[in-house]
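Structural description and commentary
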Amino acid sequence: MKTVYGPVPSWRLGRSLGVDPVCINVCSFDCVYCQLGPTRLKTTERKRFVDAAVVGEELESAFARAAPDIVTFSGMGEPTLASNIDKIAAVVKHVISVPMAILTNSSLLYLPEVRESLMYFDVIHAKLDAPGQELFEEINRPVAGIRFEEIVDGIKAMRNEFRGEFDLQMMFIDKNKDCAGDMAELARQIKPNDIFLDTPLRPCGCKPLGRAEMDRIKTEFAGLNTVMVYDAKSQDAVPLDLQETRKRRPEL
């Protein structure tokens, strides 16, 4: 399996060339809305999944042909589970001439070594889908032992230490649509650069909220910089390898 895929059209980031530092369906969550289906390996154990040099070679080959707006660490699982993510990021930084972003579910940001490893990035998008432990367990279905308060503390620490662009991404479904006010209050405490308000428009196990409902949710975030999925402009991107990209983006 290749470690580089895309580019894909991202409503948050533009034409995004993906780097997958795990390349298997491994995550600390099993979110009800995940487009990849049930998590095959649910864990918080960090280890090396792919070799940094291999990523660099594959990216160097793809980068010139793809001409992306950004290179994004994401893929089949939670990228911070890769214990060598800092080494991969350092290699990638030498290859590319565009910003480098990471999409994380925030579960390991409470660890100082994880936060330190993310300092290579230009943009961090941190997930936050609930206002408390009960809904967190219902929506994100984490591996046993993960505490919501610990996640929020980790997000706040990352925000305070990181010097690049730090954004929150929030997915809204029926389960949490009435908690937008509480989630907005958490966002005000975190003080991100931007907040991306999402609902699952890609095929998955949850129905998306309609435009009117998302507009209502957006009003709860008054005074904050928000971008809502229904307002986003569509992007054009043709993957270099459709088969590899569909492993991470099945709807393409």
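Computed from a predicted model, the values in this text were never measured in an experiment.

Rules behind the numbers
- What you see as residue numbers is a count from 1 along each chain, following the sequence as written.
- Confidence filtering applies because this is a predicted model: local features only for residues at pLDDT of at least 70, side-chain atom pairs given and counted only at 80 or more, and all residues used for totals across whole chains, interfaces and linings.
- Note that water and hydrogens are dropped before the side-chain values are worked out from all heavy atoms of the structure.
- Secondary structure is summarised from DSSP: a helix means a run of H or I of at least four residues, a strand means a run of E of at least two, and numbering begins at the N terminus for each.
- Restricting the calculation to C-alpha atoms gives the radius of gyration, and the globule rule supplies 2.2 Å times the number of residues raised to the power 0.38.
- Each residue is placed in one exposure class: buried if its accessible area under a 1.4 Å probe, protein chains only, is under 20% of its type's maximum, exposed if it is over 50%, and partly exposed if it falls in between.
- Note on aromatic contacts: the rings of Phe and Tyr and the six-membered ring of Trp form a pair at centre separations within 6.5 Å, being stacked when their planes are under 30 degrees apart, edge-to-face when over 60 apart, and tilted otherwise.
- Here a cavity denotes a set of grid points, spaced 1 Å apart and computed over the protein atoms alone, in which a 1.4 Å probe fits but from which it cannot get out, and a pocket denotes an open set meeting protein on both sides within 12 Å along at least five of seven lines; residues with an atom within 4 Å of a point are reported as lining.
- Grid points are joined across faces, edges and corners, and a volume is the space filled by probe spheres set on the points.
- The nonpolar class holds Ala, Val, Leu, Ile, Met, Phe, Trp, Tyr, Cys and Pro. Asp, Glu, Lys and Arg form the charged class, and all remaining residues, Gly among them, are polar.
- In what follows, a contact means two residues having at least one pair of non-hydrogen atoms within 4.5 Å.
- Here, nonpolar core means buried Ala, Val, Leu, Ile, Met, Phe, Trp, Tyr and Cys residues that are tied together by side-chain atoms lying within 4.5 Å of each other.
- N or O atoms within 3.5 Å of each other form a polar contact, as long as, within protein, one can give a hydrogen and the other can take it, and as long as residues adjacent in sequence are counted only when both atoms are side-chain atoms.
- Axis definition: a line fit to C-alpha positions, over the contact stretch in the case of helices; interaxial angles, taken between N-to-C directions, run 0 to 180 degrees.
- Angle categories are assigned with fixed cut-offs, so that under 35 degrees is roughly parallel, over 145 is roughly antiparallel, 65 to 115 is roughly perpendicular, and the rest are oblique.
- Each crossing gets its hand from how the near helix is turned against the far one by less than a right angle, where anticlockwise is left-handed and clockwise is right-handed.
- Pairs of strands are assigned from DSSP output, requiring at least two bridges between the strands.

Okay, the overall build of the chain next. On a plain count of helices and strands, the chain comes out with eight helices and ten strands. For the chain, whose C-alpha radius of gyration is 17 Å, the value lies close to the compact-globule estimate of 18 Å for 252 residues. Overall, the C-alpha framework of the chain stretches about 45 × 35 × 35 Å when taken along its three principal axes. Counting across all 252 residues of the chain, residues that qualify as buried make up 54%.

Following the criterion strictly, the structure yields five aromatic pairs and no others. Here Phe73 and Phe121 contribute two aromatic rings whose centre-to-centre distance is 4.8 Å and whose plane-to-plane angle is 85°, an arrangement assigned as edge-to-face. Of the two residues, Phe73 is situated in strand β5 (residues 70-73) and Phe121 in the loop between α3 (112-117) and β7 (123-127); the sequence distance between them amounts to 48 residues. With respect to burial, Phe73 and Phe121 carry one shared label: buried.

Where empty space is left becomes clear once a probe the size of a water molecule has been rolled over the atoms. Considering all chains together, one arrives at one cavity of 30 Å³ or more under this definition. Each pocket or cavity is described by its volume, and for the largest cavity that value is around 50 Å³. Forming the walls of the largest cavity are Phe29, Asn105, Lys127, Leu128, Asp129, Ala130, Phe136, Asn140, Phe148 and Ile151. Going through the elements one at a time, α4 (133-140) and α5 (148-161) are the ones with two or more residues in the lining of the largest cavity. When its residues are assigned to classes, the lining of the largest cavity shows six nonpolar, two polar and two charged.

Taken as a whole, helix α2 (residues 85-95) has its buried residues at Ile85, Ile88, Ala89, Ala90 and Val92. Here the buried face of α2 lies against β2 (14-19), α1 (52-66), β5, β6 (100-104) and α3.

Here the focus is the nonpolar core. Note that soluble globular proteins tend to have their nonpolar side chains buried in a common cluster. By size, the foremost hydrophobic cluster in this structure holds 75 residues, and its most contacted members are Phe73, Phe172 and Phe221. Excluding anything up to four places from it in sequence, Phe73 contacts Val19, Pro21, Pro79, Ile85, Ile88, Ala89, Val92, Met100, Ala101, Ile102, Leu103 and Phe121. Core analysis: the second largest hydrophobic core is formed by five residues, Ile70, Ala101, Leu103 and Val123 among them.

We now examine the side chain of Ser16. You can see Ser16 is positioned in strand β2. For Ser16, a relative accessible area of 4% corresponds to the buried category. Within polar-contact distance, the side chain of Ser16 engages the side chain of Thr72 at 2.7 Å. Every residue in contact with Ser16, bar those within four places of it in the chain, is listed here: Pro7, Val8, Ser10, Ile70 and Thr72.

A few words on the packing of α1 against α2. Remark: α1 packs on α2, axes separated minimally by 9 Å, with the N-to-C direction vectors making an angle of 25°. Classified by the angle between their axes, α1 and α2 sit roughly parallel to one another. Two packed elements cross with a definite hand, and for α1 against α2 that hand is right-handed. Judged by residue contacts, Ala52, Val55, Gly56, Leu59, Glu60 and Phe63 of α1 engage Lys87, Ile88, Val91, Val92 and Val95 from α2.

This brings us to the sheet that holds strand β8 (residues 165-171). The strand order across the open sheet built from eight strands is β1-β2-β5-β6-β7-β8-β9-β10, with neighbouring strands paired in mixed fashion. Pairing within the sheet leaves two strands with one partner each, and these edge strands are β1 (4-10) and β10 (226-228). Taken over all neighbouring pairs, the strand axes of this sheet differ in orientation by 25° on average, direction set aside. Where β1 and β2 come together, five bridges link them in antiparallel fashion.

By themselves, these figures tell us nothing about what the structure is for.
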